[in-house]
Every structure is written in C-alpha cells, then in structure tokens.
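Analysis of the macromolecular model
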Amino acid sequence: MNALIFTTILGIIILYLGLTKNKTILAPTAIAGLLVTLFLSFKDWGLSSSFFHEMVIFDNFSVAFNISMIIITIVIFLFGVDYYKMMELHVAEQYSLMIFALVGAFLMTSFSNLIMLFLGIEILSIPLYILAGGKKFSFKSNEASFKYFMLGSFATAFFLFGIALVYGASATFYLPEIKTYIAQFHGNLPPMLLIGLLFIIIGVAFKVAVAPFHFWSPDVYEGSPTLVTAFMATVVKTAGFAAFYRLLGIGLLPLPVPLEKALWVMTGLTLLIGNLVALKQSNFKRLLAYSSIAHSGFIMLAMLSQHSSSASVILYYTFVYSVATVPLFIIFILVKRASNGHDHIAAFQGLYKKKPWIAVFMTILLMSMAGIPPTAGFLAKYQVFVLSISQGYLAISIFAILMAIVGIYYYFNVVREVFTDRDHLEPLVITKLNAGIIIVCGVAVVVMGIFVWHLPI
Amino acid sequence: MNEITSAIQLIPLQHYIILSVTLFSIGMMGVLFRRNIIAILMCLELMFNSANLLLAAFSAYHSDPSGQVFVFFIMIVAAAEVAVGLSIVVMMKRNVESVDINLLNRLKW
Amino acid sequence: MVFLFYFLSAIMVISALLVVFSKSPINNVIYLIICFIAMAGHYILLNAQFLAVVHIIVYTGAIMVLFLFVIMLLNLNKAIIPQKSAAARILAVVTGGLFFLVLIAATRQTFVITPRYAFTSEIGLVANVGKTLFHEFLLPFEISSVLFISAMVGAVMFGKRDHSVGDD
Amino acid sequence: MVEQIPNINLAWLVPAFPLLGFLVTGLANRKLKHNQAGIIASAMVLLSFLVSVVLFFILRASGQNEATVTLFNWISISGMNIPFALLIDHLSLTMMLIVTGVGALIHIYSIGYMHDDERVNSFFAQMNLFTFSMLLLVMGANYLVLFIGWEGVGLCSYLLIGFWFKNPEYNYAARKAFVMNRIGDLGFILGIILLFFTFKTVTFSEIFVQASGFQVGAPVITLITILLLVGAVGKSAQIPLFTWLPDAMAGPTPVSALIHAATMVTAGIYMIARSSILYNLAPLTLNIIIVIGLATAIIAALIGLKQNDIKKVLAYSTVSQLGYMFLALGLGAYSAGVFHVTTHSFFKALLFLGAGSVIHAMGGEQDIRKMGGLRKKMPLTYFTFLAATLAISGIPPFSGFFSKDLILSKAFEHSIILYILALGGALITCFYMFRLLYLVFFGEQRLAGAHPHEAPKVMTIPLIILSVLSVFGGFLNIPSLFNGDSEFITFLQTAVVSKASEELSHSTEIGLILGSLLLLGLVIFLAYRTFVSKSIIPAKDGEPMPFFSKLIANRFYIDEMYTTVFEKPFGYLSDFFYNKVENSLLDPVVDEIGFTTSRVGTLLRKLQQGNMSFYLFAMVAGILLFIIFILIV
Amino acid sequence: MIVLVILLIPFITGLLLLLIRNAATIKLMALASAIVNLAATLSLAFSTQASSSYSVSWINFLDINFALGYDGTSLIMLSLTSLLFPFIIMAGMKREQEHPGLLYALILFTQSALIGVFLAQNAFLFYIFWELTLIPLYFILLLWGGEGRRNITFKFFIYTLTGSLFLLFGIIYLYSLTPGLHTTDFSVFSQLNIPANTQVWLFWVLFIAFAIKMPVFPFHTWQPSTYTMAPTQGVMILAGVMTKMGIYGALRFLFPIIPAGVLYWQNTVIILSLIGVIYASVIAFRQTNLKTLIAFSSMAHISLMVAAMFVLNYYALQGLLFQVLSHGITIVALFYVVMLIEEKTGTLELPKMGGIKLLAPYMAILFLLIVLGSVALPLTAGFVGEFLIITGLFQQSIWFALFGGFTMVLGAIYMLYAYQRVMLGEKRPDLENITDLKRIDYIVLIPLITLILVLGIYPQPVFNLVETSVNTMQNLLVPVADVLPSLPL
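The rules behind the values
Residues numbered from 1 in each chain as written. Chains lettered and ligands numbered in written order. Predicted model: local features only at pLDDT ≥ 70, side-chain atom pairs only at ≥ 80, totals over all residues. Heavy atoms only, no water. Contact = heavy atoms within 4.5 Å. Buried area = accessible area lost by both parts, 1.4 Å probe. Helix = DSSP H or I, 4+ residues; strand = E, 2+ residues; numbered from the N terminus. Nonpolar A, V, L, I, M, F, W, Y, C, P; charged D, E, K, R; others polar. Phe/Tyr/Trp six-rings, centres within 6.5 Å; stacked < 30°, edge-to-face > 60°. Lys NZ or Arg CZ within 6 Å of the ring centre and 35° of its normal. Domains from an automatic or database assignment. Salt bridge = Lys/Arg side-chain N within 4 Å of Asp/Glu carboxyl O. Polar contact = N/O pair within 3.5 Å; in protein donor to acceptor, adjacent residues only side chain to side chain. Core = buried A, V, L, I, M, F, W, Y, C linked by side-chain atoms within 4.5 Å. Buried < 20%, exposed > 50% of the residue type's maximum accessible area, 1.4 Å probe, protein only.

To continue, consider the interface of chain B and chain C. Each side of the interface is counted separately: chain B has 77 residues, and chain C has 86 residues. Taken together, both faces of the contact between chain B and chain C bury some 7500 Å²; the carbon and sulfur share is 78%. When contributions to the side of chain B that touches chain C are tallied by element, the ones reaching two or more residues are helix H1 (2–5), helix H2 (7–10), helix H3 (13–33), helix H4 (37–62) and helix H5 (65–96) of chain B. Of the residues forming the side of chain B that touches chain C, the biggest block, 24 residues, is contributed by H5(B). Looking at the side of chain B that touches chain C residue by residue, the class counts come to 52 nonpolar, 17 polar and eight charged.

We now examine the packing of aromatic side chains. The geometry of an aromatic ring pair is captured by the separation of the ring centres together with the interplanar angle, meaning the angle of the planes. Scanning the entire structure with this criterion turns up 133 aromatic pairs over all chains. Each residue in the set D:Phe72, D:Trp74, D:Phe84, D:Tyr143, D:Phe147, D:Trp150, D:Phe188, D:Phe204, D:Phe208, E:Phe383, E:Phe387 and E:Tyr458 is aromatic and connected to the rest through ring pairs, giving one cluster. Cation over ring: A:Lys381 sits above A:Phe298, and NZ or CZ is 4.8 Å from the ring centre. If you follow A:Arg416 out to its NZ or CZ, it ends over the ring of E:Phe154, 4.2 Å from the centre.

What follows deals with the domain arrangement of chain E. All names here are of chain E. If you check the domain split of chain E, you get domain 1 (1–264) and domain 2 (267–479). Listed as interface residues are 46 residues of domain 1 and, on the opposing side, 49 residues of domain 2. Between domain 1 and domain 2 lies a buried interface of about 4200 Å² when both sides are counted; carbon and sulfur atoms form 81% of it. Three residues stand out in domain 1 for area buried against domain 2, namely Ile76, Phe217 and Phe255, and they jointly supply 16% of the buried area on that side.

A word on the domain arrangement of chain C. All names here are of chain C. Assigned domains within chain C: domain 1 (1–79) and domain 2 (119–160). Each partner contributes to the interface: domain 1 provides four residues, whereas domain 2 provides six residues. Ranking the residues of domain 1 by area buried against domain 2 places Asn47, Gln49 and Phe50 at the top, with a combined share of 96%. In this structure, the connection of domain 1 to domain 2 is made through zero salt bridges. Taken together, the links from domain 1 to domain 2 amount to zero residue pairs in polar contact (both at pLDDT 80 or more). Of the residues in the side of domain 1 that touches domain 2, the class split is two nonpolar, two polar and no charged.

Moving on, we come to the nonpolar core. With 807 residues, the main nonpolar core has A:Phe244, A:Phe348, D:Tyr143, E:Leu254 and E:Phe310 as its most contacted residues. Those residues within four positions of D:Tyr143 in sequence are excluded, and the remaining contacts are D:Phe188, D:Ile192, D:Leu195, D:Val202, D:Phe204, D:Ile207, D:Phe208, D:Leu228, D:Met271, D:Ser275 and D:Leu278.

Residue and element names in this part refer to chain E. Tracing the sequence through the fold places Ser112 in helix H4 (residues 100–119). On the accessibility criterion, Ser112 (5% relative accessible area) is buried. Beyond its immediate chain neighbours, meaning those up to four positions away, Ser112 contacts Leu7, Pro10 and Phe11.

In structure tokens:
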C-alpha cells in the first residue's frame, strides 16, 4: 500500500518538476522514486495485507507482479533519458502519466473488488490513451491514440455491463463473495451470470490483446511513440495478466465449463492469429505487436491449465518476456534513428557489421522471445507446456508448439537480417547507457534461464 | 412520496433488465452505425448508462447501496473518458480537419 | 407507477434511437439529454435520489455541455460527414438486433434472483450512499483522483497548441 | 586338436612380402629410380613363392593335411568370432603356388613391359597389392578373410584396369569391373552372413564339420550356395556378369595376364572348390552352375570367333575357359576345375604375355587385322605362343589337353548332350585360337612402318618358363589311362571333396579322345585354309556382314542390352528421383507447409483492416459468437 | 567430475577466443582445447574405473538435475566428437577466414553442446543441449556459408527445430507421466510403464526430431542443400557428429522408454530407412555438385544405420555403434578433400573438373583411400560396420539385408563415378595451376585415413567399449512383444 501511495505522489512530483523546464532531472527523479517504490514493495513481501475493507490485497502475488513491473518501468525510464532528449515539450507529463499508469497496474494486480479492477483498468488505460497520442503532430500517433481510446471504451462498456449483470445476481462486487455465490450453482450457471462473467472476462481479455479482441494492439503499437509501445507491451501486459489471473485463477476457480471452453477458443485463436500474422510482418513494431499477441496466447495456456503454479509461471513468463522486449524496442529505436526513420526489419541489416556485440545480444533477446535454450524464454515456454501437458491439454499444447515453431520463424527472420551484410552502412550511435541496458538485459535473459525461480504465489 | 419509494416493488426487475439491454443494444448499434466520432462517443455514453441503470435497478432490488456507489464511480470515469476522448478528437481535428472515423485507417495489416 | 415506468422507458428508447439515427450532432446531443433526463426519472423510481441528482449534474450538466462545446468549437454542427454505406448500416442494425435478442433470450430464462437484504427505500438517500462511499468505498474514491489528474494532464497536453516534433 | 606344425607360422610371410612391396613401392613412389620398383616388387612376389614352396614341403613333411595360422582376432563379439587366420592346406597351397609363381613371372615380365611408363612405380605397387589380396583370398581360413581378398582383388583390378586414367573409357571399364564385382560381392556377403547364422561361424573347417549334419538338398544350404555362387559369378565373369572382363583389357597387358591367369577370375572357382562340401549338399545349385558354365563357355567362345583385338580374343577365351571350369565345378569335379585353373594359368599367362610382347613390338597396335607375318620377326614369341595355343586347344600332350579332357570326360559321364556341347565349345576355342595365331604370325606383315622386334630378355625369359609349364604342366595329373595316378587330383583330395562318380572305361575314354582329336585337327586345318591359304582377313568395322556374324561380332549385343536395361534406366531413375520426387514432391511438400502457413497468415492479416468500423464490428461479432457459444456449450 | 571438465573446456575456451584478435593464436588455442578434450575423453574411454558422473540439482521445483554421466553408447559418441573436432578445427588452419575469433568460438560452443547432449542424464538437460547445438551451428552456416545461405540455413534451422519442439512435447508428456514429484531423469523415464496405445502415437512425437536430424527419408529435404551451402567446418560438424546425435537420441529415448511403440513401428521405420538408402544412393549418382553428391551418400549411409538401429539386435547395434565412429571419420575426411578440391579448382561442379590426379597425385591417392573407406571396402572401418549392420538386418529378414546391402553396390557406383570425374581423365586447360597437398593437409588427412584403416583392421577395442550397453539395449524390445495392440505387417 505504501508503494501505491508513494507512486501516486511520485507522479505528482514529476508533474511539478515539469514546471521547472529542466528535463535532465526528470528521469533521475523518476528512477530514484521508483527505486524507493521497489524497496517499499519488497517490504510488503510476505505480509499479505489487505486494506480498506479488502478493496485491495497486497499479497505475495501482487507484490511479485508489482516488483516485476517496477523493474521494467525503471528500465524503460533509463532509456527515456536518451529517448526524451529529442523531445522538448510534455516530457514531465509523459513520465508522470507512465507512473500513473503504473498505479493503475498496481491496483490491477491487487484488487479484490470488481470496482478496484474497474478503476485499475481505467487508471492504467487513460494515461495510455494519452501517451499513445504523445506525438501530437503525427497522424499515426493520433490514430493510435483514438483507436485505443475508442476500442478501449467500447470494451469497458461491455465490462461494466458484465459487472452489472454479475452484481445483479450476486449483489456484491467482492470477488471472494462472488466466488462463493457461483459455487452454489455447482457449475450449472444461469445464463445471465454466465454472460456477465463473459463480459468481465472480455473486458480484461481486451487489455491483454487476446483474439478476437486484439485488433487494437498492432495498430496502437505501431502508431504510438516507441517507448510507450514498449511500456504497453511489457508493463500493461503484465498488469493485464495479473488482473486476469486474479480474476480467473484466484477469483473464479474452478472455472465454469462454458467459460473455460470459450477461453480455450480464445487461446487457440490468439496463438493462431498472433503467430501467423506476425509471420507476414515486415514492420518491426507490428511484428512485436503480433508477437506480443502470440505471447498472450502462451500465457493464457498457462493460466487455463489451472494449476497451483500457474501464477508463478505467468509471472516468470511475463517478466522474462518484458526483459527481452524492452531492449528490443530500444535497439529498434536506435537503428531507426540511424536509418532515417526506416522501420522495416531490413533496417537491421548490417547491424552485425556495425555493432557486433549489440547484434549478439539482440540475437540472445530474440532467442528468448522465440523460446530457444539457454535463454529464459525457453524455460518460460517450457513451464507453460509443463502445465498444460501435465494437466492433460494435449491437443492445444501440440497446437501451441506448432505455433511456437512459427514464432521461431519470424524471430529468426529478424536475426537473419541482423546478420546480413549491407553495402553502405549508416553510422549507428549507441550511448553507453543504452548499450548498458541492452547488455544487462541480454545477460539477464540468459541468467534467468539458468536460475529459474518458482515463487509461492 | 411513499408511492414513489415503493414503486420499485411494483415494477418487475425483469423490466429493468430488458430496458437496460435495449438501451445497451441501441448504444452498441449506434457505435456501429455512425461515422461521426462525436456521435459514436455519445453512443458509448448510452452504453455506459445502460450499465448504470442496470446497476441502480439491482441495487434497489437488493437494497444494497454499493451498486449505486458503483454507478457514481462509473459516472466519474465516464466523465474523465469523455474529457480525454474529446481532447483527442480536438487534436485529430486539428491534424486532419475531420472527425470521420473511416479516415482512421493508416495503421493496418 | 407502472405507467410512469413505461412512459419513461418509451422516452428513453425513442430518444436513444434518435441519437443513433439523427444525423446532426447537435440534435444528437439534444436527444441524448432527453434520454438522460428520462433516465434520471428512472433513478428516482428506483429510489436512487442521489444518483438522479448526480446524473443530471454530471451528464446533462457537464458531459453533454462538453460535447456541445466541442461541437461548437470544431464547428461540427452540420451533418457534413456522410453516412456509412447502406450495407454497413443494415449490418449494424442487424447486429444490434441480434445482440438484443440474444441478451434478452439469455436474461429472460427462469432464474430467480433473491434480494440480498430486506427491502428498504432508504438506500438511495445521500446519507446512505455517502456512508457507503466514504466508508467502504473510500479507497476507490481517493484513487479516482489519479484518474482525474491523468485525464486532466491528457486534456491539457492534447488541447494545448504547440509545435514540438518528436520523432521516435 | 592337431598339433602345431613347426615353422608353419611362416605362412604370414606369404602375403606379407607383397604387402611390404606395396608399401615400399607405394610410399617411396617418388624416390625410386627406374626399374627399382619393378625389381623390388618382383623380388617380393618371388620371395612369397619361395616361402610357399617351403610351406609346401613343411606341410608335406609334417604329414598333416592342413594347418591354421591365426594372426589376430579381427572381429570378436558375442557369438561371432572371426579371427584373422590363414589356412594352409593342399588347395590353398596349390593356389598360392600358382598365384606367386605365375604372378612372379608376370611381375618380372612387367619390368620390361612397363619400362617406359612414367607411373611405373605406382604400377608395381598396385601389382603387389593385387598379389597380396589374391594371397589373402586363397589363404584365408574363413569366409570373411577370404572376402577381404575377394574385395581386394576387385579394388586392384579397378586400379589397374584404369591405370591409364587419362582415358575416360578405361576409367569406365575399371568402374564397370568394380561395380559388377560388387554386385557379385553383395550376394557373396549375404551368403556369408547366412552361413554365419546357419553354422554360427564362418571358419571353413568348422563349417565343413557341421555341414555333415545337413541333408542333401537342404534349402538353407541351397540358398547359401546360390548366394555364394552369385559372388563367384561376378568374380569369375560368368553369365550374366561377364561383360566386365573383356572390357578389363583396358589395363596394361601384364595386368590382363595377372587378372586372367593367376588371380581374380580364378577366385570364384577357388571359392566354390573350397566350399565343395556345401555344394555337394546342393544339387540344385550344381545344376545351375552347369548351365551357367556351359552357356558361358559356348557364348564366350562364339564371341571370340569374331573379335579382332588380340586381347579381346584372349579375354573371351578366358571367359570361355572359366565356363569350363564352372562346368567342372557343376559336375562336382572340383579338383578337375582347379586343375584346369592351374593349367589355364600357365597357358593364359603365356598367351597374354605373348600378346603383350606382340603389342609391344607393334608399337601398341592391338588389331590383329593389321598384324601378320610376325613369325619370322619374333620367333621366340611365336613358338611360345604356339605352345600356348596348342595347350588351350587341348592338343596332347600339352597341359590343356589333360585338364580339358578331364572335364570333358566328366561331362560325358553326366550326359552325352553336355559332352557334345562342351566339345563344341572346345572346337570353337580351337578355331579362334588358331585364327588368332595365323593372323598374327603368318602371312604378310600388314602394318606399314612397324618394325617388330623381339622383346628384351626380361620379358622373354618369363615367356620361356611359362611355355615350358604350358607344355608340361599337364603331367602334374596324368590320368590312369596313361598309367598315371592322377597325382594332382589326389593331392587336392584332402581339401576338396569331389563328388563320387563312376569312372569311364578306358576304351570309351580312348574313343572320346580320338574322336575329339580328329575334330580338332579338322578345325585347325579349316582355320589354316581360311586364314593362311586364302589369306582371308576379317572384315573391317562397319562392313556388311551376315546376321549371325554381326551378332557375334557385336558380342550378342549384351553390353548394349545392359546399357539399355540397367545403366540408362538407372540414370533415368536417378533423374526421376531427383527431379520428380525430391525436387517436385518431397521438398515442395515441406515448403508447401511453410507457404500454406504463410498464406493463412496473409489471410488473417487481411482481418487487420485498419478500419475502426471494422474493428468494432469484429469485436461485437466476436462477443456475440462467444455469447452464443457459452449458451450452447 | 571429469565429465564436467570435458563439457566446459570447449565452452570456456570459446569464450576466451572471443577476446583474442590474432587469427593464428585463436586457431591454435581452439586446437589445443580440442586436443585436451580428446585426451580427457580417451582417458575416460580407457579408464578401468567406474564411470565418472556429475550431478547437481538445478531447477528444484521441476526436479531437474544437472546430471552428467555416460555409458558405452555415449562414450562412442563422445569419442567421436572429441576425435573429430581437432580435425574440424585443423580444417581451418593456414586458411584465411573472416572473423576467426567468432568462428572458432562458435565451433567450440557447438562441441560443448554436442558433448552435453551425449552426457546428459536428464531429458530436460538433453533437450537444452540438443537445441544448443543448433544455435552456434546456425550462425556458422549463416555467416560463413556459401551461395543462398540466407534461405537454406533458415530452412534447415526451422526444419530441425520443428522436430525438436515435438521432442520437447514428448519430454514434457513423459515428465507428466512420472509418478509423484515429477522428474525428467532418463532413469525414471525408462521405468515408466506407458500403455502400449500411448506408446504407439508417442513414438512419432519423439521420433520425428531424430528422424529430421539424422535424417530419415522423407524428412531429409533440408539436408542436401544445407550440406552443399555449408562451409567446410560446418558441414563436417553436421555430417560428422550432428547426424549421430539423432541416432544417439533415438537410442536414448525410444528404446528404453517406449519399447512397445518402437516395436509397433519397427518395420515401418526400417522400410523407410531402406527406401532412404536406395533413394539417396540412386539420386547421388546423377548429382553434378560434389558436395551434394556426398550429402546424399551420407544420407544413404545414415539411413542404413537407422535401419540397423531399429532392427535392434546385437549385431546391428554393434555395427551401428561402430559405423557411427567410422562414418564420422570418413565423412569428415571426405569433406576435407572436398574443401581442398574447391580451393584448388574454385568449383565443385563435376563437369568442370577432371584430370586433377595428374597435377595432384597425392591428393588423388588420399581421396581414393577415403572413397574406399566410404564404399566399405574390407580392411577399412566402413566394412566392419556395414558387415555387422547387414548381419543384423539379415537376422530380421533377408530382404532387409539385401536392400541394405545395396549400399555396397550403389555406393561404389556413385563414389567411383565422382572420383573419376574429379581426379581422372585428361587434364583440363582451365585447371592448370593446381598444386598438390600442403603439409597441413597431410597432418589432417593422414591420421584420419590411418584411423579408417586401423579401425578396419583392428576394430576390437570399439566392440569392447560398447559391449555392455549393447547387451542392455538389445533386450529392450523382448519383454514388450506381447503387449502390442496389433502389429502391422
């Protein structure tokens, strides 16, 4: 709770610092503040404290997810030092909006009442709608912002309607009470309740871009400023899945059969669309967008396996995925800068010649995304498959494996570009800080592949 | 006054559900129907409000105030969303001189 | 009373339909306001007096004014934007209809909801709602300030005219 | 357990010497001056010969019939124990003596013959390797060691036939030899494996002891013998695998001599003789051998009639003679077969070396139509050649007479038709041999500008020695008819179990001999009339010929048939597999999986229209479908 | 402990190499590492002590141990790897190569991963290493490969990974079947009594990875183009060791764990392999590119080994393991010569070659010796292996032996054809400047050829080495024969 409060204050502080017109102090302050948050979060570990009539519960689950999101945000902010040098206006606003979004994310990981979920989603989303439109004069950015906003609100409407229906039946917004209420039907839920739950699930599924509610994500990812995209692809996704798991895995377990089946269908669709469409992408950002959809599919697989270790697996998966994704975006931005705004994957050609070490680490990161040993990405997928297969979902697991192959295909398509020569090479400037982030993340991906953890969450 | 306060007992809950569903469907239809972004935003408001109505009805039926409080929060959020949404619209209008939703198609595939 | 309910409902549905089908944004706003006023009536019928008031203030007073303001600001009062193609419109209506039917079908099924608490008409009074709000729902209330501040920041950011070019 | 014969371990020296020679001449290829390699190589083979002779006496002195010398364990795994062992018995000794003896002469001859070749050192290295392989073949104490030699000679023939590797045709001939041999070898190795599974061993002595437990005509034995026969057919150039042998003339002439006379082609005969106990149990196989042998003998002889290349004539005569040997084997007269091997090695080596001498003298010319009148220029060669011709034709008392007569009489015992056919073949042989002799040595010299001269001593001395052997070699085995006691046959009896058969009465035998002699005389006269008196010279290539002559001259179109039936279809099949199956089916299928995935991707990508209205629609549609879905499920 | 050392030496050396600039030093260091590894491996192979092993617990909650160990089979594979890598490294000595540091690091990483595959006692670990072999190799092919490497390498990579992922599925499935606290130890896997019906489908899930790696007809289509395009050292690793990895994997996974599945599909696989033998041999005959030709020849030989493996009797297994060694050595030597030829003539197209023997007689002789080893001439290693394999096939069915034996004939046809086209014939005017072998070439080729011959003449040590594990393996299928659902054929 302290972390939550402190983060809120941090956002406001940054906002005020923006008035000083001194951009250089923003990132350090934000990072320092987040480090404090990190520390505060660590202190919450193991306490499992609930606040305000159990509106939020900071149990190990939420603390773990919060920590992972804070770390990722710090990495993103570290890169922001360089990224926002070019930008003159509204830098403080951008930082503070991200921090506010982080507050929303905290709520999503720790809610125990549907209203907190609703508010969490909104507090996360509204800053993002704004951030997506951060490049005010870019039509693409405008479009991304509006699409995100429009579709997001639309999904929220369904979400709210779903909450209303569930409330109508159960007369409560408390997740545990809803769970007890549902339990009395022994799996034979009345249609109204089913639809209500479905709408709630759809509302959350929309946030994590599960097909067929994924349409916003490629467009928004592409149109948004890349740093924001990185934030969306990592922190938002993590928060979304934390919320999803809290909703399904903690709140509604065991899932009513029709809902479970519907979710399986969504999982299958997500895997299919995410991977196959990513196959056809030549724009790196869109590629990552689709790949992020694909990863959602894998995480869904872990979640639906309904095993006691699902939460840990999801945490591991999202964190590992985030750690790999952020530096990829960073490299992309740098390469794009060097090649005059070229955002095709062919822009990576010659990277191996220009910056061999960056190329190597990029390969490691992509390997992790593709799930190839010895990277953490492999262990993440491995754990997912262990869950799904040992719970007996063989067919979907085989399907997921096939899709993983497709995934390897498009990630290594990029690798192939990285290691392809090009005739004339533009100079590529990588600051020490950025190189440091990339390398640390690359190493982290390998180290996490060796020192896998399992948290009792 | 008493008549009004006990009105809820005369009207079956089902009616409110149907009314909300109707309103929700109309709003949804409007979102699909219109091209004007402003109009679509209005239709979205309709959808939110149908949820509000439903919550209020259930709240009354259960005699549980939390439903009404939820409605209050929905209103808050709706207001914030509208503010953001309209500011996005304003920004877009500046850039493209139009509020036609069909113009939003540069990002695709 | 039942008549009142039907009356308000009819107004609501009709005005809602008009919101959808009338072409001019100004008219849309007007119809929406009518719809919302009818809805306030419903709130009163539901013993949600506080909500009724807030509803009028927030929606009719603030949100709709905002709409009007933007429409005026951007000079959108004429229906300059063409309609969607006939096919798309029919499809929209059909989808909406289908959705309606399915939801009705689903919610009409025999399923008795038992009221949770004994009936009291007091719950919608400001005092009751306020108690709940500042007691049970204090955290959401406080935290929604974050929502507002970010919305505000956003509105300011977007609304401000400036000439920055960031290119990443 | 037989007690160890002292000094019998010397046996390893026999193959070791040529191996040493191979290594020395091979590794020191560049260092050796002219003739040094030849001398070393010849010396090595000669040493082998001497050791063989010594072994002969050791064995005889010991009074035992056989001795096994185990060098080391080659393959020794559970249930399969294959030592690298040498077997010294009468059969292998005979073969060793032939191989080293005749081989040594050929080596010595080669010193002269290959004098001018720039790769003479390699030549001798390969010759030594050849001898080594052949020795391993005949000395191996089990089928697998035999198989080493068996393949080894195949390899060496490949090397030596393609010795002049600049010529693609020679290379082709070399490959052909190797591949055909390999086809036979496949049968052979399968036979060995079946032997192994039947007897749990591949060692001769153990197999033959166990073989008595099988009935005559036992299917497994028949199968084994047939498989082994396939090997023998390939190696000994029998129908249908004989076409490589005439092509093998591509190699230098001494090689031909080595292949045809002392080594390689006799391997099949040796192997069947070695397996006599098994073959005795398989009458069916024996009959097959008779058919194959006889057919080969006659067909090859017929082809020989119309060949104009001196070496080709000799090659077909070899095939034909091998047919006779097979006939003998098929009749169960294994010893007779081996005896024919022996005599044949003398006179065939002589013939080839003589031919080499002629070719040498003619400056490389091999077409007999361009020779003639060499009798005066090269008297020594002429006389040795004559001796060999008489021997091969079976004129008493030359060596060929004794061996061939033995086979003919065995054939007669078996069936009169066999005898007539065999005799017919012999007559044809006689005819074309004399045709060859007359065309080459009689008449006028037809090649302008050639100055034939006698070869140097190093070449003529082997000729002389061989002619002596050709003339008197037959006396090794004087039949009882001539008051002999068939010493050679008796000698082999300890190692080769010939089928018992009733002896012909002396009178019948005399009748047969006289009759055949008469016919032979007629044939020789006919040949003389045709080629000397009338001086008829065979038609030039391409001139019109009667059908039958053409058929013969073109070797019954067997080569062409093989090309059409096997080689070309094989090429087509290869093309078909590669172009149609691999590149048009399998590979595209894999690619197609990728493409299909990709196409589905393209299709799904179309969903991402970029159009907000569409997204909203899609969302609603999705929600609608899911509602219906959960309500139905 | 020594197993860990064997695993780590190449890896650590590889890391060091990345920091060094001098090309000669890099190569020497790589070579030194490979030689030290060879010595260590040989000390394992000939040590009389009980087998060395190393195990630490790694991922506790999945019960995955970092467990290394070996038996006869792994030892053969290990020896092969350690034996070949010095030569593979030497193949680059005295030659100009781009980015030598990275190249040799990658080579050594590959070696390390390969060794890991052969040492892993845990299916998870096995899988990790199995995939790890691919990564450095992928880059070797991608960065140093020949024409068309971008797409061909990619196809190879994806194709083999596809198989691997199915293997992963199989491993996890097996894991989920293990009792109590799940584990991926091979020892536990092999004691699972999986229902026969399950084994029947599980077989393909597991087998497909190995089938692609080896490759078995019709999963081979990645191979010819990859071999043709790959740089020499890459193709040596691929053909020499990688293919054996498939065999090893099958031996590790299929026979002990799902014997009933194997028995059920035994004949199918054998027939597929024999089709592969004939098919590849026939195709090889008409190839115009020397490397492609050898690629197909390798496929034919491997197919024969696969057939032998699935016969799974004593002789076939002995032959198989022997042939693993012999084929590895032979194929590396072959590709070395191919590299020399390409260096000297600048082409690999057979029609553009000929008469090289006139200019480089020693190269011709050594090439011939290797060719003979490849066509299984007696007294070369190839013969011993193929003889035993055919014996094993024969034990199952004479037809298997016959078709398997066709390699002898067909191999002779295409290998000698290739030899003739390259070496023999008249000199070509455009190939005037060819020189004979250099010292380094002798240093590489002579030991390899000696090995081919020595193993052919005295194969006994190898037999002794694998005797125990062969004995264990050959009995694997016996007890399951009566639980099969219903046998095909």
